[in-house]
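The residues making up each chain are set out below.
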Amino acid sequence: MQMDEQGAGAETAATELGAAATAPVPGWGWTETALSMMVLVWGVNFAVVKHALASFQPLAFNALRFVIASVLVLAVLRAQGQVSLPDRRDVPRVVALGLLGNVIYQMCFILGLDRSAAGHAALILALTPIMTAFLSMLTGHERPGPRTWGGASLSILGIGLVSGASFRVEGSEALVGDAILVTACVAWAVYTVGARPIVRRYGSVRTTAWTLWIGAVGLVALGIPSLLRQDWDAVGPAAWGGLAFSATFAIGLAYLIWYRGVERIGNTRTAIFSNLTPVVALFAGVVLLNEAPSALALVGAVLTLGGVMIVRTDPGSAG
């Protein structure tokens, strides 16, 4: 009974918060600031993961970082006094979301990135917000307005310029990587939209924790052979540091921020922030690798930023 009362209270509160997801955004708030921090982490994470995979086997790396992230989210949940389990009727949906958003997406992301150039991978993953908006419309969660579609298209154009500045033809191996990354886009979009009712009912922190734990179990099971084959002597301090960074910030903290965004400002306005990731990666290359971006890439960065700003001003309407 106490669980039912807590669930009902959380559902009422989350529904009230969810109403803000399709209301006009009066100004830049803490949610957008947190999402901007998330994008900064994800942009740097491309280089961090690439470097770490020189020492780690991909599936071993994924398994370890999800175990670390799961412990981190558990600590957050305990600190907030929200350690609990979902209602029995929601367990199948939570399990499906955990497998989709963490096992399938992460497997596709790691394997696709391993087979494609980083800029090319970023371009393909930039399709995710468009897929998210389309699925939100089909499910009746949100009805994106003209500004959303216009801003998303402008952002996609910007990503094309950023990535096209260094694009090169890779051959059949890259085509396989592209197909895997498109699957990752679909998985993440379905994960984001499919989790909306659970986020409304239980809140963003518990939803993140449950799906992350399920994903960790699946990724550890898939990663056991790689963990057994891993040459641990080849893993240096920088690679271990990359694992810790990716687990703590790019998975644990970023997932909490992502679902908080879904709860506060909706699926589409949250998803569009991910289009900034390749722009951050571009400037991270300038700072960390002394790369000089072309004028075309800088124009693309401006278009991407402009597209995100347009989308976040579209009130749309609730479904």
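Structure: see above.
Now for a quick tour of the structure. Here the residue index of a chain counts from 1 through its sequence in written order. A pLDDT threshold of at least 70 governs which residues receive local features in this predicted model, and a stricter bar of 80 or more applies before side-chain atom pairs are shown or counted, although totals over entire chains, interfaces and linings include all residues. Excluding hydrogens and water, the side-chain figures rest on all heavy atoms present in the structure.

**Here's the deal with the overall build of the protein chain**
Secondary structure elements are taken from DSSP: a helix is a run of H or I of four residues or more, a strand is a run of E of two residues or more, and numbering for both begins at the N terminus. On a plain count of helices and strands, the protein chain comes out with 14 helices and zero strands. Going residue by residue from the N terminus, the α and β elements of the protein chain occur as α-α-α-α-α-α-α-α-α-α-α-α-α-α. Relative accessible area decides the class of each residue, using a 1.4 Å probe on protein chains only: under 20% of the type maximum gives buried, over 50% gives exposed, and in between gives partly exposed. Burial status across the protein chain gives 49% buried among its 319 residues. In this description, contact between two residues means that some pair of their heavy atoms is separated by no more than 4.5 Å. Across the protein chain, every contact between residues at least 6 apart in sequence was considered, and the portion connecting residues at least 24 apart equals 91%. Surface exposure here means Shrake-Rupley accessible area, sampled with a 1.4 Å probe, where a residue is shielded only by the protein chains that are shown. Surface exposure of the protein chain reaches about 13700 Å², of which carbon and sulfur atoms provide 69%.

**Structural notes on the pattern of salt bridges**
By convention in these notes, a salt bridge is any Lys or Arg side-chain nitrogen within 4 Å of a carboxyl oxygen on Asp or Glu. All chains considered together, the criterion is met by two salt bridges. Here R89 makes a salt bridge to D87, at a shortest N to O gap of 3.5 Å. Under the relative-accessibility criterion, R89 is labelled exposed at 56%. Overall, D87 belongs to the partly exposed group, its relative accessible area being 24%. In this structure, R201 engages D90 in a salt bridge whose closest nitrogen and oxygen atoms are separated by 2.9 Å. In this pair, R201 sits in helix α9 (residues 196-202) while D90 sits in the loop between α3 (58-79) and α4 (91-115), placing the two residues 111 residues apart along the sequence. Side by side, R201 and D90 carry an identical accessibility label, which is buried.

**Details of the packing of α3 against helix α10 (residues 204-229)**
Remark: α3 packs on α10, axes separated minimally by 7 Å, with the N-to-C direction vectors making an angle of 155°. Of the possible angle classes, the one that applies to α3 and α10 is roughly antiparallel. Judged by the sense of rotation from one axis to the other, the crossing of α3 with α10 is left-handed. Classifying every residue of the contact of α3 with α10 gives 20 nonpolar, four polar and one charged. Whenever a helix is involved, its axis is fitted only over the stretch in contact; in every case the axis is a line through C-alpha atoms, and angles between N-to-C directions fall within 0 to 180 degrees. The cut-offs work like this: below 35 degrees is roughly parallel, past 145 is roughly antiparallel, 65 to 115 is roughly perpendicular, and the gaps in between are oblique. With the far helix as reference, a near helix turned anticlockwise by less than a right angle produces a left-handed crossing, and one turned clockwise produces a right-handed crossing. All amino acids are sorted into three groups, where Ala, Val, Leu, Ile, Met, Phe, Trp, Tyr, Cys and Pro are nonpolar, Asp, Glu, Lys and Arg are charged, and the leftover types, Gly among them, are polar.

**Concerning the packing of aromatic side chains**
Each pair of aromatic rings taken from Phe, Tyr and Trp, with Trp reduced to its six-membered ring, is defined by centres within 6.5 Å and is described as stacked if the planes are under 30 degrees apart, edge-to-face if over 60, and tilted in the remaining cases. Per the counting criterion, the structure on display carries 14 aromatic pairs. With 6.0 Å between their ring centres and 10° between their planes, W232 and W240 make a pair best called stacked. Classification of W232 as partly exposed rests on a relative accessible area of 35%. An aromatic cluster is built from W42, F66, Y105, F109, W188, Y191, Y255 and W258, whose rings are joined through pairwise contacts.

**Remarks on the nonpolar core**
Counting 62 residues, the largest nonpolar core has M38, Y255 and W258 as the members making the most contacts within it. The contact partners of Y255, leaving out residues within four places of it in the chain, are F66, G101, N102, Y105, Q106, W188, Y191, T208, L212 and A250. In this description, a nonpolar core means a group of buried Ala, Val, Leu, Ile, Met, Phe, Trp, Tyr and Cys residues linked to one another through side-chain atoms lying within 4.5 Å.

**Remarks on helix α11 (residues 237-265)**
A helix is expected to span 1.5 Å for every residue after the first. Over its 29 residues, α11 extends 39 Å from the first C-alpha to the last, a length consistent with the 42 Å expected when each residue adds 1.5 Å. Immediately downstream of α11, the backbone of G266 shows phi near 95°, a positive value.

**Describing the environment of S226**
If you trace the backbone, S226 turns up in helix α10. Counting along the chain gives 165 residues from S226 to F61, while the straight-line C-alpha distance between them is 8.8 Å. Setting aside anything within four residues of it in sequence, one finds S226 in contact with Q57, L59 and A60.

**So, the side chain of N62**
Structurally, N62 is set in helix α3. For N62, a relative accessible area of 1% gives the class buried. We call two N or O atoms a polar contact when they sit within 3.5 Å, provided that within protein one can donate a hydrogen and the other can accept it, with sequence-adjacent residues counted only if both atoms are side-chain atoms. Reaching out from N62, the side chain makes a polar contact with the side chain of R65 at a distance of 2.9 Å.

**With respect to the packing of helix α2 (residues 30-52) against α11**
At a closest axis distance of 8 Å, the pairing of α2 and α11 adopts a crossing angle of 150°. Classified by the interaxial angle, the pair formed by α2 and α11 is roughly antiparallel. Between α2 and α11 the crossing geometry is left-handed. Tallied by class, the residues present in the contact of α2 with α11 amount to 18 nonpolar, six polar and two charged.

**Here's the deal with the side chain of T31**
Tracing the chain through its elements places T31 in helix α2. Take T31: its relative accessible area is 15%, and that puts it in the buried class. Other than its neighbours up to four places away in sequence, T31 contacts G261, R264 and I265.

**A few points about a nonpolar patch on the surface**
For patch detection, residues must exceed 30% relative accessible area and be free of salt bridges, and they are connected within 9 Å for like charges or within 5 Å for nonpolar side chains (Val, Leu, Ile, Met, Phe, Trp, Tyr). On the surface, V91, V95 and L99 cluster together to form a nonpolar patch covering roughly 190 Å² of accessible area. Its location among the elements puts V91 in helix α4.

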